[in-house]
Amino acid sequence: MADSPRASGPVTETDVAEFRRLHQRLGDAVEVAVHGKRATVDLVLVAAIAGGHVLLEDVPGTGKTTLARAVARALGGEMRRVQFTPDLLPSDVTGTTVFDPRSGEVRFRPGPVFAHVVLADEINRAAAKTQSALLEVMEERTVTVDGSTRAVPDPFVVIATQNPVDLDGTYRLPEAQLDRFLVRTALGYPDAEHELDVLRPGSHAGRVDDVPVVSTPGVVAAAAQRLTMLHVADPLLRYVREIGVAIRTDPRVRLGASTRGLKALVRCLQVYAASQGRHYVVPHDVQRLAEPVLAHRTVLTRDALLAGHRPVDVVHEVLDTVHPPQPDQS
């Protein structure tokens, strides 16, 4: 979808067709390095174009960093990588002011968050103080250092990787930071066919340098802005809210998705529907995206956790019990 002067008005079939081609090209490019995970790739691209951030959670060695780097390369623009470690400081992420002895002036040295795509690798290996350095920039797209506020580039996407919290040297992400991620997903191990392809000598799997650049930041920003006008019918909005209320009132849930979380789901639905070639949202879209958008925003009670329940289970059970809107038969 090229930069377009049509900033308002309903999204047309032409707009959707252009975006679907863009989404397809991006997915094909990422698959050069990440084999056999097209559904996850498409979800990450939808979240990135929707202006959200992505949390990839899985065990080491499954290709989380490769996926993040491949998406960044395909999207175009500037990418920065931050390796989170226990001794990482907040200023190492956001930047700091330094004294220049040659000019005698104090100037700002920008941190790695001043890029279109920021790869936060193993984000849960840093202490909470450093993790919180990302809170403002992920939500407001600005960084405040020494009283001065500076904007990051547009579009701005944080793709963070996280190891399971039961591994040594990891810290649990606070709920406030989890809420900043539009989706949480996992890669998992590849199936037999694709894992053999990765193991085969000479395979291009995992080689990010072979991923073609198929877009630019301007194109992505224009597509994201245009799709904010994609139609979401009131019955679908009520369906989203009823799912959110059912999760919050479940006796196993201590903290459910906030209004911000439900709004994030609606934003993701708009982009996902367009990626499927539609200029409107259907109930199946909600059912497809509810887990990756809402599960990590659902915090269970201690008793529920001890009983073996998981947030994913709660979301799935709610989807089974809350009836989707039916087409108007009149």
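The rules we used
Residues numbered from 1 in each chain as written. Predicted model: local features only at pLDDT ≥ 70, side-chain atom pairs only at ≥ 80, totals over all residues. Heavy atoms only, no water. Pairing = 2+ DSSP bridges. Helix = DSSP H or I, 4+ residues; strand = E, 2+ residues; numbered from the N terminus. Axes fitted to C-alpha atoms, helices over the stretch in contact; angles between N-to-C directions. Domains from an automatic or database assignment. Contact = heavy atoms within 4.5 Å. Buried area = accessible area lost by both parts, 1.4 Å probe. Salt bridge = Lys/Arg side-chain N within 4 Å of Asp/Glu carboxyl O. Polar contact = N/O pair within 3.5 Å; in protein donor to acceptor, adjacent residues only side chain to side chain. Parallel < 35°, antiparallel > 145°, perpendicular 65-115°, else oblique. Nonpolar A, V, L, I, M, F, W, Y, C, P; charged D, E, K, R; others polar. Expected span 1.5 Å × (residues − 1). Buried < 20%, exposed > 50% of the residue type's maximum accessible area, 1.4 Å probe, protein only. Arc of directions from axis to C-beta. Core = buried A, V, L, I, M, F, W, Y, C linked by side-chain atoms within 4.5 Å.

- Looking at an unreviewed UniProt entry, the protein chain carries the name MoxR family ATPase, with the source organism given as Nocardioides zeae.

1. Looking at the pairing of strand 3 (residues 95-100)
Right, so step 1: Both strand 3 and strand 4 (residues 105-110) contribute to a ladder of six bridges, which runs antiparallel. Each bridged residue has a counterpart across the sheet, and for Asp100 the counterpart in strand 4 is Glu105.
Right, so step 2: As consecutive antiparallel partners, strand 3 and strand 4 are separated by four residues, and within that stretch Gly104 has a phi angle of approximately 75°, a positive value.

2. Looking at the sheet that holds strand 9 (residues 183-185)
Right, so step 1: Across the sheet, which stays open at both edges, the five strands sit in the order 2-5-8-1-9 with parallel pairing between neighbours. Either end of the sheet is taken by a strand with one partner, and the two such strands are strand 2 (79-83) and strand 9. Going from strand to strand, the sheet's axes swing by 15° on average, the running direction of each strand aside.
Right, so step 2: The pairing of strand 2 with strand 5 (residues 117-121) spans five bridges and is parallel. Paired with Met79 across the bridge in strand 5 is Val117.

3. Some remarks on the domain arrangement of the protein chain
Right, so step 1: By the assigned domains, the protein chain splits into domain 1 (23-229) and domain 2 (231-329).
Right, so step 2: Taking only C-alpha atoms, the centre of domain 1 and the centre of domain 2 are 24 Å apart.
Right, so step 3: With 19 residues of domain 1 at the contact, the number on the domain 2 side is 22 residues.
Right, so step 4: Between domain 1 and domain 2 the total buried area reaches about 1,800 Å² when both faces are included, carbon and sulfur atoms providing 56% of it.
Right, so step 5: For the pair domain 1 and domain 2, the interface holds four salt bridges.
Right, so step 6: As a salt-bridge pair, Asp179 and Arg297 come within 2.7 Å of each other at their nearest N and O atoms.
Right, so step 7: Our count for the domain 1 to domain 2 interface comes out at 10 residue pairs in polar contact (both at pLDDT 80 or more).
Right, so step 8: When residues of the side of domain 1 that touches domain 2 are traced back to their parent elements, those giving at least two are helix 2 (38-49), helix 7 (175-178), strand 9 and helix 9 (217-227).

4. Looking at the packing of helix 1 (residues 13-30) against helix 11 (residues 259-275)
Right, so step 1: Between helix 1 and helix 11, the least distance of the axes is 8 Å, while the angle of their chain directions is 85°. One way to sum up the angle between helix 1 and helix 11 is to call them roughly perpendicular. Residue-level inspection shows Val16, Phe19, Arg20 and His23 of helix 1 in contact with helix 11, the latter providing Val271, Ala274 and Ser275.
Right, so step 2: Taken together, the residues of the contact of helix 1 with helix 11 break down into four nonpolar, two polar and one charged.

5. What about helix 1?
Right, so step 1: With 18 residues, helix 1 ought to run about 26 Å at 1.5 Å a step, and its terminal C-alpha atoms sit 26 Å apart, in line with that.
Right, so step 2: Listed as buried for helix 1 are Asp15, Val16, Phe19, Leu22, His23, Leu26, Gly27, Ala29 and Val30. An end-on view of helix 1 places all buried positions within 160° of arc, on one side of the element.
Right, so step 3: Looking at the buried side of helix 1, the elements it contacts are helix 2, helix 3 (64-75), helix 9 and helix 11.

6. Some points on the nonpolar core
Right, so step 1: Of all hydrophobic cores here, the largest spans 72 residues; its most connected members are Leu67, Ile243 and Leu294.
Right, so step 2: By residue number, the principal contributor to this core is helix 11, which donates 10 residues.
Right, so step 3: When residues are assigned to domains, this core turns out to be shared by domain 1 (23-229) and domain 2 (231-329), each giving three or more.
Right, so step 4: Every residue in contact with Leu67, bar those within four places of it in the chain, is listed here: Val30, Val34, Thr40, Val41, Val44, Leu56 and Leu187.
Right, so step 5: In this structure, Phe114, Val118, Val137 and Val158 belong to the second largest nonpolar core, which totals 25 residues.

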